Amino acid sequence: MKALLSSILISVTATSVAAHPHVFIDTGFELVVDDQGQLTHVRVIWEYDDLYSLLITEDMSLDQDGDGILTKAEITQLTGFDMNWIDGFNGDLVVENANTSVSLSQPQEITASFADGRITTTHLRALDIPVPAGETATIMAYDPTYYTAYEVTRPVTVVGAGNCKVRLQAPEVSSGLMALQQELATLDPQMDPQDAGLPEIGAQMATKVTVTCAAS
């Protein structure tokens, strides 16, 4: 996914209003809980911003008639465009239990759609070790380098057990974090913030989603 982002965005560097982030994604989660109250899967919803959606459809030669509607064949072609992950890429998704990262599967049940000029994709990640009932899982979507900005603006829902408490905690934007954002905005679009001596900002800007489910 990141390789594709880079190749496309190089061509629009001159039109970028800020060096970082490059891409904006409205994010949502579907938290899958089994009949024992364990969190077993996270379905991730990504809705891409208008500009990036336009770049992708143009790069893939989709919607040639410009009516804003993709054919079934075009949807098939679009599906999975953002799933070509390099080795070691975590999908910009972190799931923790007791401050320990939980390993996740590769994407499953991949979908794509296009409406109102925006691409939306979904994929399912299985937790290698489910989070037991009564324990709290923390889910965060972020790019450590803040190349991509994920905002949890879409719904966060629970599928399965009905007795779960979900909480969203927005990041605290301190003066220091605001200053760091301003520094990032002045960087050359192709420069890695770490190469410029700037700390990772993605985790600091991430919304924390916590879920605790009671045993059924």
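Predicted model, so just to flag it, every value in this text is computed and none were measured.

Section: the pattern of salt bridges
One pass over the structure, following the stated rule, counts five salt bridges. For Asp 26, the salt bridge goes to Arg 118, with nearest N and O atoms at 3.0 Å. Taken together, the residues span a long stretch of sequence, with Asp 26 in strand S1 (residues 23-33) and Arg 118 in strand S6 (residues 118-131) at a distance of 92 residues. Each member of the pair Asp 26 and Arg 118 is classed as buried. When the shortest N-O distance is used, the salt bridge between Glu 30 and Arg 43 registers 2.9 Å. With Glu 30 in strand S1 and Arg 43 in strand S2 (residues 39-48), the pair connects residues that are 13 residues apart, well separated along the chain.

A word on the pairing of S6
Most of S6 is tucked away: eleven of the 14 residues are buried. Sheet topology places S2 next to S6; eight bridges connect them, and they run antiparallel. Bridging across to S6, Leu 39 finds its partner in Val 131. Sheet analysis places strand S5 (residues 108-115) next to S6, joined by six bridges and oriented antiparallel. Opposite Ser 113, over in S6, you have Thr 120 as the bridge partner. Here S5 hands over to S6 after two residues, with Asp 116 in that stretch at a positive phi of 55°.

Regarding the state of the cysteines
Considering all chains together, one arrives at one disulfide under this definition. With a sulfur-sulfur separation of 2.0 Å, Cys 164 is cross-linked through a disulfide to Cys 213. Disulfide Cys 164-Cys 213: torsion about the S-S bond near 110°, hence right-handed. With Cys 164 in strand S10 (residues 164-169) and Cys 213 in strand S11 (residues 208-213), this residue pair connects regions lying 49 residues apart in the sequence.

Brief notes about the sheet that holds strand S4 (residues 100-101)
Reading across from one edge, S4-S3-S7-S11-S10 is the order of the five strands in this open sheet, with antiparallel pairing throughout. For this open sheet the edge positions go to S4 and S10, each flanked by a neighbour on one side alone.

A word on the nonpolar core
Most often, soluble globular proteins have nonpolar side chains that are buried together. Formed by 38 residues in total, the largest nonpolar core has its most connected members in Phe 29, Leu 39, Val 42, Leu 78 and Ile 139. Of all the elements in the fold, those that place two or more residues in this core are S1, S2, helix H2 (50-59), strand S3 (93-97), S5, S6, strand S7 (136-141) and S11. Not counting residues up to four positions away in its chain, the partners in contact with Leu 39 are Leu 31, Val 32, Val 33, Leu 127, Pro 130, Val 131, Ala 137, Ile 139 and Val 211.

Observations regarding unusual backbone geometry
Positive phi is not limited to glycine here, since Ser 61 has a value of about 55°. Considering the arrangement of structural elements, one finds Ser 61 in the loop between H2 and helix H3 (72-78). When its relative accessible area of 44% is taken as the criterion, Ser 61 is described as partly exposed. Unusually for a residue other than glycine, Asp 116 sits at a positive phi of about 55°. When you line up the elements, Asp 116 lands in the loop between S5 and S6.

What counts as what
- Residues numbered from 1 in each chain as written.
- Predicted model: local features only at pLDDT ≥ 70, side-chain atom pairs only at ≥ 80, totals over all residues.
- Heavy atoms only, no water.
- Salt bridge = Lys/Arg side-chain N within 4 Å of Asp/Glu carboxyl O.
- Helix = DSSP H or I, 4+ residues; strand = E, 2+ residues; numbered from the N terminus.
- Buried < 20%, exposed > 50% of the residue type's maximum accessible area, 1.4 Å probe, protein only.
- Pairing = 2+ DSSP bridges.
- Disulfide = S-S within 2.5 Å.
- Core = buried A, V, L, I, M, F, W, Y, C linked by side-chain atoms within 4.5 Å.
- Contact = heavy atoms within 4.5 Å.

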